[in-house]
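Listed below, chain by chain, are the residues.
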Amino acid sequence: MKKEFVVGVTGASGIIYARRLLEVLCDQARVHIVISDVARQIAGIEGVDLEGFDAVYAENSNLAADIASGSFRYDAMAIVPCSMKTLAAVSNGFADNLIARSADVCLKEKRPLLLLIREMPLSRIHLKNMLAADEAGATVMVASPPFYQHPETIDDLVDMVVARVLDHLGVDHTLGSRWSG
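Cut-offs and rules
Residues numbered from 1 in each chain as written. Predicted model: local features only at pLDDT ≥ 70, side-chain atom pairs only at ≥ 80, totals over all residues. Heavy atoms only, no water. Helix = DSSP H or I, 4+ residues; strand = E, 2+ residues; numbered from the N terminus. Expected span 1.5 Å × (residues − 1). Buried < 20%, exposed > 50% of the residue type's maximum accessible area, 1.4 Å probe, protein only. Contact = heavy atoms within 4.5 Å. Polar contact = N/O pair within 3.5 Å; in protein donor to acceptor, adjacent residues only side chain to side chain. Axes fitted to C-alpha atoms, helices over the stretch in contact; angles between N-to-C directions. Parallel < 35°, antiparallel > 145°, perpendicular 65-115°, else oblique. Left-handed = near helix turned anticlockwise from the far one by under 90°. Nonpolar A, V, L, I, M, F, W, Y, C, P; charged D, E, K, R; others polar.

Colleague: Honestly, helix α6 (residues 154–169) in this entry has me stumped. Any pointers?
Modeller: In a regular helix each residue adds 1.5 Å, so 16 residues correspond to 22 Å; α6 covers 23 Å between its end C-alpha atoms and thus fits that length. For α6, the set of buried residues is V158, D159, M160, V161, V162, A163, V165, L166 and L169. Contacts from the buried residues of α6 go to β1 (4–9), α1 (15–28), β4 (76–82), β5 (113–117) and β6 (139–142). Where α6 begins, the capping side chain belongs to T153, and its oxygen is found 3.3 Å from the backbone nitrogen of D155. At the exit of α6 stands G170, carrying a positive phi of roughly 75 degrees.

Next up, the structure:
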């Protein structure tokens, strides 16, 4: 049976991370994609196309979507990139849109929830929200690629970050190489 994932894309720079994650996930699993309005704007600014994947697309305003219910089963959710606004919503249980509601469902149902934040510097509020999200059961990841693999392109850097997301989702991949000491 194929794994099933929810991917939320929110309004932080770094939409390229979402694109690469979707390229890998949609080949191996059933994927539900929810893109915020600001993420669509930033995707246009960054020149990243998030359409055309073999996936189920849902509108962020549709709180009646199947993924908004705890009775709908899926394996995990990743919010890539995760804006500080979405982090604040998730860490405080403010589920006013489908991305935040689906994240809330992950936490209450004890399913893996990955938040790939992409912001700097971080304020005290951001740090407190990251801690609250972690304490609620989410995994907070930072889009901070390693350099031990000697990346040569932006795609190499993106792959290194997405590889870590895939590892935490339990998805096999061939992105990058692993540390060998």
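Colleague: Is there a simple way to think about the packing of α1 against α6 in this case?
Modeller: To characterise two packed helices, one gives the angle between the axes of the helices and the distance between these axes. For the pair α1 and α6, the least separation of the axes is 9 Å and the interaxial angle reads 60 degrees. It follows from the interaxial angle that α1 and α6 lie oblique. At the point where α1 passes α6, the crossing takes the right-handed sense. On α6, the residues touching I16, Y17, R20, L21, V24 and L25 of α1 are I154, D155, V158, D159, V161, V162, V165, L166 and L169. Among the residues forming the contact of α1 with α6, the class breakdown is 12 nonpolar, no polar and 3 charged.

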